[in-house]
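Structural characterization, general
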Amino acid sequence: MTDQSHLVAPLLAIESSCDDTACAILAPNGDILAESVLSQMDHAALGGVVPEIAARAHLDALPGIVQTTLQKAELTLQDIGAFAASTGPGLIGGLIVGSSYAKGLAMALNRPFIAVNHIEAHILTARLPSLPTPPAFPYLTLLVSGGHCQCVAVHGVGHYEKLGGTIDDAAGEAFDKVAKMLGLGWPGGPALERLALEGNDKAYALPRPLMGRDGCDFSFSGLKTAVSRLIAPHGQGALPRQVAADIAASFQRAVADVMADRTRHAIKALPNATAIVVAGGVAANTLLRNTLENIAADHNLPFLAPPLRLCTDNATMVGWVALERLNAGEHPNDITLAARPRWPLSERSPAAL
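What counts as what
- Residues numbered from 1 in each chain as written.
- Predicted model: local features only at pLDDT ≥ 70, side-chain atom pairs only at ≥ 80, totals over all residues.
- Heavy atoms only, no water.
- Salt bridge = Lys/Arg side-chain N within 4 Å of Asp/Glu carboxyl O.
- Helix = DSSP H or I, 4+ residues; strand = E, 2+ residues; numbered from the N terminus.
- Buried < 20%, exposed > 50% of the residue type's maximum accessible area, 1.4 Å probe, protein only.
- Pairing = 2+ DSSP bridges.
- UniProt positions renumbered as here; feature names shortened; annotations may be inferred.
- Contact = heavy atoms within 4.5 Å.
- Polar contact = N/O pair within 3.5 Å; in protein donor to acceptor, adjacent residues only side chain to side chain.
- Phe/Tyr/Trp six-rings, centres within 6.5 Å; stacked < 30°, edge-to-face > 60°.
- Axes fitted to C-alpha atoms, helices over the stretch in contact; angles between N-to-C directions.
- Parallel < 35°, antiparallel > 145°, perpendicular 65-115°, else oblique.
- Nonpolar A, V, L, I, M, F, W, Y, C, P; charged D, E, K, R; others polar.

Once their charged atoms are close, side chains differing in charge can pair, the charge on each being opposite to the other. Applying the stated criterion across every chain, the model contains 14 salt bridges. We note a salt bridge from Arg 309 to Glu 35, for which the minimum N-O separation is 2.6 Å. In this pair, Arg 309 sits in helix H9 (residues 308-311) while Glu 35 sits in strand E3 (residues 32-39), placing the two residues 274 residues apart along the sequence. Taking relative accessible area as the criterion, Glu 35 reaches 23% and is therefore assigned partly exposed. Between Asp 169 and Lys 177 there is a salt bridge, with its nearest N and O atoms 3.7 Å apart. Three or more residues joined by partner-sharing salt bridges are found here, namely Asp 169, Glu 173, Lys 177 and Lys 224.

With that settled, the discussion passes to the sheet that holds strand E10 (residues 303-304). On the basis of which strands lie adjacent, the open sheet formed by 5 strands has the order E8-E7-E6-E9-E10 and mixed pairing. In this open sheet, the two strands that pair with only one neighbour each are strand E8 (159-165) and E10. Sheet topology places strand E7 (residues 149-156) next to E8; 6 bridges connect them, and they run antiparallel. Along E8, the bridge assignment pairs Gln 150 with Gly 165.

Moving on, we get to the UniProt feature "binding site: Fe cation" (unreviewed entry) in the protein. What UniProt calls "binding site: Fe cation" (unreviewed entry) maps, in this numbering, to His 118, His 122 and Asp 313. Across 196 residues, the annotated set stays spatially compact, with a maximum C-alpha separation of 8.8 Å. Within the fold, His 118 resides in helix H3 (residues 118-124). For His 118, the contacting residues outside a window of four places in its chain are Glu 15, Ser 17, Ser 86, Gly 88, Pro 89, His 148, Asp 313 and Met 317. Relative to the helices and strands, Asp 313 resides in the loop between H9 and helix H10 (315-327). Dropping the residues within four chain positions of it, Asp 313 is found in contact with Glu 15, Ser 17, Cys 18, Asp 20, His 118 and His 122. One polar contact links Asp 313 to His 118, side chain to side chain, over a distance of 3.1 Å.

We now examine the packing of aromatic side chains. Counted under the stated rule, the structure contains 3 aromatic pairs. Seen from their ring centres, Phe 137 and Tyr 139 are 5.9 Å apart, and the 10 degrees between their planes marks the pair as stacked. With 5.1 Å between their ring centres and 75 degrees between their planes, Phe 175 and Phe 251 make a pair best called edge-to-face. Note that Phe 175 is positioned in helix H4 (residues 171-181) and Phe 251 in helix H7 (residues 241-269), a separation of 76 residues in sequence. When its relative accessible area of 0% is taken as the criterion, Phe 251 is described as buried.

Contact geometry for H4 and helix H6 (residues 221-231): axes closest at 10 Å, N-to-C directions at 5 degrees. Relative to H6, the element H4 is oriented roughly parallel. Taking contact as the criterion, the partners of Lys 177, Val 178 and Met 181 in H4 are, on H6, Lys 224, Val 227, Ser 228 and Ile 231. Residue composition of the contact of H4 with H6, by class: 4 nonpolar, 1 polar and 2 charged.

Take a look at the structure:
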């Protein structure tokens with residue numbers, strides 16, 4: 001393979017780590033030439049993502065979504081200079097499908113393949129040149145999604161320091177489970193946020209796990225259990241609308257308070273941070289964004305939240321990580337790297353920080 005540390009042709013990226021099949025094409029400078037996302041809606045009736053169903057859906061969708069994205073960019077496969085794909089962490093079936101498809105294209109066209117860590121992709125999204133004021137290193141990222149909840153000090157490309165993470169449920173997982181208890185279906189986060197607008201967030205004194213303690217770890221299992229105990233006396237039927245709204249609002253406020261406390265601790269751990277970045281699907285929650293924005297303002301730090309389409313799983317962030325690695329002087333040749341359901345950031349890092 002030739003030296004690709006300075007890519008001159010567009011890069012095509014694939015994301016398939018959960019239930020969204022996505023493809024994006026980026027110019028070597030990071031400009032987004034085209035992007036496509038296909039969300040799998042069949043899981044809603046099942047109350048959550050079924051891994052085998054998701055993997056088969058990725059397999060069915062990928063050829064069409066890649067072709068659609070190429071057409072949007074007015075390019076052909078021969079115009080692509082490199083391929084990238086989420087290779088972990090995530091649901092192993094979907095990761096195998098997406099990364100194998102991208103590897104096949106790379107081998108057929110004799111192009112390099114870059115394996116991307118899905119968490120790293122979320123962490124570096126805010127540095128996309130098309131977004132306002134991309135942060136300089138080091139900055140603080142709060143990653144909040146259905147599968148992940150971490151505070152990460154981002155010292156540079158490949159240099160990440162995990163300041164804290166969840167010791168049980170991720171924030172998005174807790175939102176979905178509480179929404180299910182309230183009869184809101186799946187995915188529950190957006191529905192719970194809408195219901196909370198009708199409620200009183202001081203109606204119920206719910207716990208704030210780990211709040212006030214040292215460190216930046218999270219815990220939401222106890223909060224989820226407290227909600228279930230509130231609901232239990234109402235039996236199996238639907239809750240009165242106002243009761244459900246008050247519970248939703250009180251729960252959402254408790255999560256925001258915990259996030260705020262943990263973020264304050266993270267700022268103390270990274271006193272030279274240039275910005276606070278929030279990423280992941282839960283970053284779409286308005287209360288959480290407003291809470292974190294206020295904390296950033298209190299510390300005279302910029303607050304950066306990518307647009308919603310780049311907070312949820314997408315292929316643009318995958319392509320951007322590949323370009324960041326190339327621009328940092330790496331020479332990735334990841335064609336033999338197997339998909340991994342678990343992939344700690346520390347294993348991508350050149351140095352253990």
